[in-house]
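# Commentary on secondary and tertiary structure
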Amino acid sequence: MKAEQNGMNGDYARVEAAIRYLEVHYQEQPSLDELAARVHLSKFHFQRMFSRWAGISPKRFMQVLTLSHAKALLAESRSVLDAALDSGLSGPARLHDLFVAVDAATPGEFKRLGEGMTIRYGWHSTPFGECLLSLTERGVCGLSFTHPERRAALEDLHGHWPRANLTEDAQATAATARRIFSAEGGGRQSPLALHLFGTNFQVNVWQALLNIPPGALASYQDIARLIGKPEAARAVGGAVGGNPIAYLIPCHRVIRKSGEIGAYRWGTARKKAMLAWETAHGARLAG
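Residues numbered from 1 in each chain as written. Predicted model: local features only at pLDDT ≥ 70, side-chain atom pairs only at ≥ 80, totals over all residues. Heavy atoms only, no water.

### Here's the deal with the overall build of the protein chain
Of the regular secondary structure elements, the protein chain holds 13 helices and nine strands. Evaluated residue by residue, the protein chain yields a buried proportion of 47% over its 287 residues. Of the contacts made within the protein chain by residues no fewer than 6 positions apart, 67% connect residues no fewer than 24 positions apart. Total accessible area on the protein chain is roughly 13,800 Å²; 51% of this is exposed by carbon and sulfur atoms. (Helix = DSSP H or I, 4+ residues; strand = E, 2+ residues; numbered from the N terminus. Buried < 20%, exposed > 50% of the residue type's maximum accessible area, 1.4 Å probe, protein only. Contact = heavy atoms within 4.5 Å. Areas by Shrake-Rupley, 256 points an atom, 1.4 Å probe, with all protein chains shown as cover.)

Here it is as structure tokens:
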């Protein structure tokens, strides 16, 4: 199991390095040989590793990251968001085969900064690098990626809840990590609970993000419209950037209306990797 986890993290590290190289040299259209050399693999091994991780070839993967593709996907996704708007934003949302339900903290709990609460956390491998997964008795309260290091991720968790009792317990979080990132997803299990701590505005934005399905994209303006505040795109951007539960609350699916990928709390290379991975796996993830 440990070897499998190390392999997963190692594959992602090479994918991220290739994307970072492309970010700088995209105008030069680097070849497969150049990308393989950047991650210290032969062309054959890089192609095989990349296809194992992404499910598609590096060439197809990079096409997904183009500005024209993102703009087209934004336009196509609007009908999905319109349907979400028509049906309302309450109730469990679907993340591939996993249903997600929101349990928001009360204003009093939010103000107490976690006092009297125990948060169990653990470090786990994912297709997008190592993550820090945090749980309360009521559900997932945090999921962040350990970039650039574990200490920074843990300090960020503590900064959000300075009065909470933080307990490292990877055994307690392992089953949830498997459920989130395994190929089988949640199957027919009950919805995975998210324990959200934020202002009413932030929680509304995070709930709206749950309506963006894998393989789809939304702009900040789209999300503002979804929550009934079409003029609040800038404030929406702040709430998106403050999302404490990466991947499950898919803030990585929000991009600029111009089609540019934009910033991401855990690095633009990771955001691009997640978007391209989801697009490549779209048919399977849609279920």
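### Topic: the packing of aromatic side chains
Summed over all chains, the structure comprises 11 aromatic pairs. Taking the centre distance of 6.2 Å and the plane angle of 80° together, the rings of Tyr121 and Trp123 count as edge-to-face. Here the two residues Tyr121 and Trp123 agree in accessibility, since each one is buried. Ring centres of Tyr264 and Trp266 lie 5.4 Å apart, and the angle between their planes is 65°; on these two criteria the pair is classed as edge-to-face. The two residues Tyr264 and Trp266 agree in class, both being buried. A network of ring pairs unites the aromatic residues Tyr12, Phe46, Phe50, Trp53, Phe128, Phe181, Tyr247 and Trp277 as a single cluster. (Phe/Tyr/Trp six-rings, centres within 6.5 Å; stacked < 30°, edge-to-face > 60°.)

### Regarding helix α8 (residues 170-181)
Compared with an ideal rise of 1.5 Å per residue, which puts 12 residues at 16 Å, α8 spans 15 Å between its outermost C-alpha atoms and is within 8% of the ideal. All of the buried residues in α8 are Thr173, Ala174, Thr176, Ala177, Arg179, Ile180 and Phe181. (Expected span 1.5 Å × (residues − 1).)

### Some thoughts on the pattern of salt bridges
All chains considered together, the criterion is met by 11 salt bridges. Put simply, Asp169 and Arg120 hold a salt bridge, and the shortest N to O gap is 3.6 Å. Of this pair, Asp169 sits in the loop between β6 (165-168) and α8 while Arg120 is found in strand β3 (residues 118-124), placing the two residues 49 residues apart along the sequence. Take Asp169: its relative accessible area is 22%, and that puts it in the partly exposed class. Arg120 sits in the partly exposed class, given a relative accessible area of 37%. The structure contains a network of salt bridges with shared partners spanning Asp103, Glu109 and Arg138. (Salt bridge = Lys/Arg side-chain N within 4 Å of Asp/Glu carboxyl O.)

### Quick notes on the nonpolar core
Nonpolar side chains tend toward joint burial in soluble globular proteins. Within the largest apolar cluster, 65 residues are counted, with the highest numbers of intra-cluster contacts made by Leu143 and Ile223. Element by element, the count of residues in this core is highest for helix α1 (residues 2-25), at six residues. When neighbours within four sequence positions are excluded, Leu143 is seen to be in contact with Cys131, Leu132, Leu133, Ile180, Phe181, Pro244, Ile245, Ala246, Leu248 and Trp266. Membership of the second largest hydrophobic core comes to 12 residues, among which are Ala105, Trp123, Cys141 and Trp161. (Core = buried A, V, L, I, M, F, W, Y, C linked by side-chain atoms within 4.5 Å.)

### Some words on unusual backbone geometry
Even without being glycine, His40 reaches a positive phi, approximately 60°. Residue placement: His40 occurs in the loop between α2 (32-38) and α3 (43-54).

### A closer look at the pairing of strand β4 (residues 131-136)
Counting buried residues in β4 gives six out of six residues, a clear majority hidden from the surface. Residues of β4 alternate between two faces, with Cys131, Leu133 and Leu135 on one and Leu132, Ser134 and Thr136 on the opposite face, all of them buried. Here β3 pairs with β4 via five bridges, running antiparallel. Across the sheet, Trp123 pairs through a bridge with Leu132, a residue of β4. (Pairing = 2+ DSSP bridges.)

### Quick look at the confidence of the model for the protein chain
Of the residues in the protein chain, 86% have a pLDDT of 70 or more, and the chain-wide mean is 84. Residue range residues 283-287 is modelled with pLDDT below 50. Its contacts to residues more than four positions away, or to other chains, number 10 contacts. (pLDDT = per-residue confidence, 0-100.)

### Quick notes on the environment of Glu16
For Glu16, the location among the structural elements is in helix α1. Not counting residues up to four positions away in its chain, the partners in contact with Glu16 are Ala269 and Arg270.

### Here's the deal with the packing of helix α9 (residues 200-209) against helix α11 (residues 233-241)
Interhelical geometry of α9 versus α11 gives an angle of 80° and a closest axis separation of 9 Å. As far as their axial angle goes, α11 and α9 are roughly perpendicular. Along its contact with α9, which presents Phe201, Gln202, Val205, Trp206 and Leu209, the element α11 presents Ala235, Val236, Ala239 and Val240. Per-class residue counts for the contact of α9 with α11 are eight nonpolar, one polar and no charged. (Axes fitted to C-alpha atoms, helices over the stretch in contact; angles between N-to-C directions. Parallel < 35°, antiparallel > 145°, perpendicular 65-115°, else oblique. Nonpolar A, V, L, I, M, F, W, Y, C, P; charged D, E, K, R; others polar.)

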